[in-house]
Amino acid sequence: MSWHTTHDLDAFLTAASGFLRARPVENTVLITVAEGLRHRGLDAYGETPPLFGWWQDAGGTVAAAFLQTPPMPPLLTQGPPEALAELAGVWDGTGRALTGIRGERDTATAFADAWRARTGAAAELDKNLRLFRLGELAPPEPAPAGRARTAGTGDRELLVEWYEAFAAEIEEQGLNADTFVDDRLSHGGVTVWEVDGAPVAMAGITRPLAGMVRVVAVYTPPGHRGRGYAAGVTAAVSGAARDAGVDEVLLFTDLANPTSNALYRRLGYLPVQDHVGLIYSPVGE
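Cut-offs used in this document
Counting from 1, residues in each chain are numbered in the order their sequence is written. Given that the model is predicted, a residue must reach a pLDDT of at least 70 before its local features are reported, and side-chain atom pairs must reach 80 or more before they are shown or counted; all residues, however, enter totals for whole chains, interfaces and linings. In computing side-chain properties, one takes all heavy atoms of the structure into account and sets aside hydrogens as well as water. Under the DSSP-based scheme used, a helix requires at least four consecutive residues in state H or I and a strand at least two consecutive residues in state E, with every element numbered from the N terminus. For every residue, the accessible area (1.4 Å probe, protein chains only) is compared with the maximum for its type, and the residue is labelled buried under 20%, exposed over 50%, or partly exposed between those bounds. N or O atoms closer than or at 3.5 Å make up a polar contact, with two conditions inside protein: a donor-capable atom paired with an acceptor-capable one, and, for residues adjacent in sequence, both atoms drawn from side chains. Contacts were defined at the residue level, with two residues in contact if any of their heavy atoms lie within 4.5 Å. Lines fitted to C-alpha atoms define the axes, with helix axes restricted to the stretch in contact, and inter-axis angles between N-to-C directions lie between 0 and 180 degrees. Should an angle fall under 35 degrees it is called roughly parallel, over 145 degrees roughly antiparallel, and 65 to 115 degrees roughly perpendicular, with every other angle called oblique. Here a crossing is taken to be left-handed if its near helix is turned anticlockwise relative to the far helix by less than a right angle, and right-handed if that turn runs clockwise. In this classification, the charged set is Asp, Glu, Lys and Arg, the nonpolar set is Ala, Val, Leu, Ile, Met, Phe, Trp, Tyr, Cys and Pro, and all remaining amino acids, among them Gly, are polar. Whether two strands pair depends on DSSP finding at least two bridges between them. One less than the residue count of a helix, multiplied by 1.5 Å, gives the span that helix is expected to have.

Colleague: Would you explain the side chain of arginine 207 in this entry?
Modeller: With respect to the helices and strands, arginine 207 occurs in the loop between strand S9 (198-205) and strand S10 (212-219). Taking relative accessible area as the criterion, arginine 207 reaches 17% and is therefore assigned buried. Polar side-chain contacts of arginine 207 include one of 2.9 Å to the side chain of aspartate 183. Here the side chain of arginine 207 touches serine 186 through a polar contact of 3.1 Å, side chain to side chain. Look past the residues within four positions of arginine 207 in its chain and what remains in contact with it is His39, Asp183, Ser186, His187, Met212 and Val213.

Colleague: Explain the environment of glycine 197 to me, please; I cannot follow it from the model alone.
Modeller: Take glycine 197: it is sitting in the loop between strand S8 (190-195) and S9. Between the C-alpha atom of glycine 197 and that of arginine 147, which follows or precedes it by 50 residues, the distance is 9.0 Å.

Colleague: Looking at this structure, I do not really get unusual backbone geometry. What am I missing?
Modeller: Glycine aside, a negative phi is what most residues show, and trans is what most peptide bonds show. In the segment running from proline 70 into proline 71, the intervening peptide bond is cis, with an omega of 10°. Position of proline 71 among the secondary structure elements: in the loop between strand S3 (62-68) and strand S4 (75-76). Omega for the bond connecting glutamate 141 with proline 142 falls within 30 degrees of zero, at 0°, which places this linkage in the cis form. Counting through the fold element by element, proline 142 comes out in the loop between strand S6 (124-134) and strand S7 (147-150).

Colleague: Looking at this structure, I do not really get the packing of helix H5 (residues 156-170) against helix H6 (residues 177-186). What am I missing?
Modeller: Helices that pack against each other are described as a pair by the angle of their axes relative to one another and the distance between those axes. As a packed pair, H5 and H6 sit with axes 9 Å apart at the nearest point and diverge in direction by 125°. Relative to H6, the element H5 is oriented oblique. Crossing of H5 over H6 shows right-handed handedness. Contacts from Arg156, Leu159, Val160, Tyr163 and Glu164 in H5 reach Ala177, Asp178, Phe180, Val181, Asp182, Arg184 and Leu185 in H6. When its residues are assigned to classes, the contact of H5 with H6 shows seven nonpolar, no polar and five charged.

Colleague: I would appreciate a short explanation of the pairing of S3 in the present structure.
Modeller: Put simply, side chains in a regular strand alternate between the two faces of the sheet. Among the seven residues that make up S3, seven are buried, leaving the element largely enclosed by the rest of the structure. Between the antiparallel neighbours strand S2 (residues 51-56) and S3 lie five residues, among them glycine 60 with a positive phi of about 85°. Pairing between S3 and S4: two bridges, direction antiparallel. Each bridged residue has a counterpart across the sheet, and for leucine 67 the counterpart in S4 is leucine 75. Here S3 hands over to S4 after six residues, the two strands then running antiparallel side by side.

Colleague: Looking at this model, I keep getting lost on the side chain of threonine 220. Mind explaining?
Modeller: Within the secondary structure layout, threonine 220 lies in the loop between S10 and helix H7 (229-243). Discounting chain neighbours no more than four positions away, the residues touching threonine 220 are Val200, Ala201, Arg225 and Ala230.

Colleague: What should I look at first to understand H7 in this one?
Modeller: For the α-helix, the turn length of 3.6 residues means that residues three or four positions removed from each other point alike. Taking 1.5 Å of rise per residue, 15 residues should cover 21 Å, and H7 covers 21 Å from first to last C-alpha, within 8% of that figure. The set of residues buried in H7 consists of Tyr229, Ala231, Gly232, Val233, Thr234, Ala235, Val237, Ser238, Gly239 and Ala241. Just downstream of H7 lies glycine 245, where phi reads positive at about 95°.

What follows is the structure, given as structure tokens:
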């Protein structure tokens, strides 16, 4: 039983892709981030190269994995308790500072406990997230004014501005809005809601992988909020994914935002599991 780590994305996918895709709902972020790196390049999140890892049991079967795209903390899959305990020692040997952990609640907590036992460092809660999957889509009634359309290159400048504003609002680190927008546009992955020909909201969607997509970066500029545009654009991308034959349409919500949580439930999204982001204070604080 052992962890294997690498900076080689192809080696990681060769070893761990089968494990990840066997549970595409729970592993949606690892799957889509790895695919995004394949399309955008390993420097999509910054100059420090990503780190990938997978754990094999005594029979050689992959049963856990992680990836880290600095400056973001590592993102863990669920796995056996012994794998999470061993990862604390493996991470200590990478020479990388551990700024936090992301993953399913019990998984992240188990790793944090192992890290504290090894180093004495205690993690603090940064984000409470909930993963949802679409059940029966229920478009908003009454429908908001306007209509949805797939964004094109002519929208690029506005979308970059909106992606930057969205990242600032959710305090997302390491988001290169230019590369993210270009990647989304390359596969028709941004939908805008427009009223009288003017864009007023957007929603992104990941590439279809392992029978699933994830709705991402739902954003309405402050001056257009409270008019149902987020509901309209989210319903539009969700319905389009279903019409395209995708099995699972997913999204995450921040549990600190009751408005978005209520909205997605009204649209037909059902809770799957809770995730957390844990952080460590810098040494000396």
